[in-house]
Amino acid sequence: MGCDDVRSWRWLRTFSLLLPAGFLWHARLFNTPFVSNEMNINGLHPVYVGSGHCVELIVEQEMAPVFAAFRMSGFAISHMVVHWTKQCFWSVLDWPEIITYICVCILYGIDYQVYFCVALLRHLQQDIIYQHSSRNLLPFLKCHQIRGFSMRNAIEYMVTLEKKYRTIVMPELKELLCLNANVSNTTNKQTNV
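Residues numbered from 1 in each chain as written. Predicted model: local features only at pLDDT ≥ 70, side-chain atom pairs only at ≥ 80, totals over all residues. Heavy atoms only, no water.

So, on to the packing of helix 6 (residues 64-73) against helix 10 (residues 125-133). Axis separation between helix 6 and helix 10 bottoms out at 9 Å; the angle between their running directions is 30 degrees. Here helix 10 runs roughly parallel to helix 6, going by the angle between their axes. In this structure, helix 6 meets helix 10 at a crossing whose hand is left-handed. Facing Pro 65, Val 66, Ala 69, Phe 70, Met 72 and Ser 73 of helix 6, the residues of helix 10 in contact are Gln 125, Ile 128, Ile 129 and His 132. Residues of the contact of helix 6 with helix 10, tallied by class, amount to 7 nonpolar, 3 polar and no charged. (Axes fitted to C-alpha atoms, helices over the stretch in contact; angles between N-to-C directions. Helix = DSSP H or I, 4+ residues; strand = E, 2+ residues; numbered from the N terminus. Parallel < 35°, antiparallel > 145°, perpendicular 65-115°, else oblique. Left-handed = near helix turned anticlockwise from the far one by under 90°. Contact = heavy atoms within 4.5 Å. Nonpolar A, V, L, I, M, F, W, Y, C, P; charged D, E, K, R; others polar.)

Put into structure tokens, the structure is as follows:
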């Protein structure tokens, strides 16, 4: 926005009304009508429940050794998805890849957050298996910048995933926010009565 605070504020306000905003901007959803009180109390974020679950589902189908490495390491892929997306891949990917990630999720649909994470895990497949055998998987994924990942090389794979899984992923992500909005609206109506 060229350091223009008015333009930036206007864009953020408009962006906050779009479905991708809740999945790209984690803090935006809490204390809004889009997240149920139960999720607020438990601290469950829609990215964990929605995107994380979908990434696990696809990785289990597409990359069974990676899924097994996570499982045997004792932590869920969804935890890593939340960690990465909460910081918007900051200190994980190079700046041009972060910008591309945000643009792709806004322009092509929020299900691309899921495909992006799967493509990233596919890029790291050999490292994940090696680090699991070294009992170093969690520190490796949380503390090291990912080198060599390029959207240019991953976009074809992501489009393939979209064709195969969009009918499963997109309704789940939309339903999660719609369901939460309906629960919150029902709770608010009952409180006001």
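This paragraph deals with the nonpolar core. Among the nonpolar cores identified, the biggest contains 48 residues, and Phe 70, Trp 84, Phe 89 and Leu 141 are the most heavily contacted of them. Contributions of two or more residues to this core are made by helix 5 (46-62), helix 6, helix 7 (77-86), helix 8 (95-108), helix 9 (111-123), helix 11 (137-143) and helix 12 (151-192). Other than its neighbours up to four places away in sequence, Leu 141 contacts Phe 70, Phe 75, Met 80, Trp 84, Leu 124 and Ile 128. (Core = buried A, V, L, I, M, F, W, Y, C linked by side-chain atoms within 4.5 Å. Buried < 20%, exposed > 50% of the residue type's maximum accessible area, 1.4 Å probe, protein only.)

What follows covers the pattern of salt bridges. Taken as a whole and judged by the stated rule, the model has 3 salt bridges. Where Glu 162 meets Arg 166, a salt bridge forms, and the shortest distance between an N and an O atom there is 2.8 Å. Taken together, the residues span about one helical turn, with Glu 162 and Arg 166 both in helix 12 at a distance of 4 residues. On the basis of relative accessibility, which here comes to 26%, the residue Arg 166 falls in the partly exposed class. Connected through shared salt-bridge partners, Asp 111, Glu 162 and Arg 166 make up one network. (Salt bridge = Lys/Arg side-chain N within 4 Å of Asp/Glu carboxyl O.)

For the rest of this paragraph, the subject is the UniProt feature "transmembrane region" (unreviewed entry) in the protein chain. Summarizing the sequence annotation, UniProt attributes the feature "transmembrane region" (unreviewed entry) to residues 12-30 and 98-121 in the numbering used throughout. Within residues 98-121, the helical portion is 92% and the strand portion 0%, while the C-alpha atoms at the span's ends are 16 Å from each other. (UniProt positions renumbered as here; feature names shortened; annotations may be inferred.)

The subject of this paragraph is a nonpolar patch on the surface. Taken together, the side chains of Trp 9, Trp 11 and Leu 12 present a nonpolar region at the surface, about 330 Å² in accessible area. When you line up the elements, Leu 12 lands in helix 1 (residues 5-15). Judged by relative accessible area, Leu 12 falls into the partly exposed class, the value being 32%. (Patch = residues over 30% accessible without salt bridge, like charges linked within 9 Å, V, L, I, M, F, W, Y side chains within 5 Å. Areas by Shrake-Rupley, 256 points an atom, 1.4 Å probe, with all protein chains shown as cover.)

Moving on: the packing of aromatic side chains. Scanning the entire structure with this criterion turns up 9 aromatic pairs. Measuring from centroid to centroid gives 5.2 Å for Phe 70 and Phe 75, while their planes differ by 70 degrees, and the two rings are edge-to-face. Each of the two residues, Phe 70 as well as Phe 75, counts as buried. Between Phe 89 and Phe 116, the aromatic rings sit 5.1 Å apart at their centres with planes inclined by 65 degrees, giving edge-to-face as the arrangement. With a gap of 27 residues between them, Phe 89 in the loop between helix 7 and helix 8 and Phe 116 in helix 9 connect regions that are remote in the sequence. Take Phe 116: its relative accessible area is 1%, and that puts it in the buried class. Three or more aromatic residues joined by ring pairs form one cluster here, namely Trp 84, Phe 89, Tyr 101, Phe 116 and Phe 149. (Phe/Tyr/Trp six-rings, centres within 6.5 Å; stacked < 30°, edge-to-face > 60°.)

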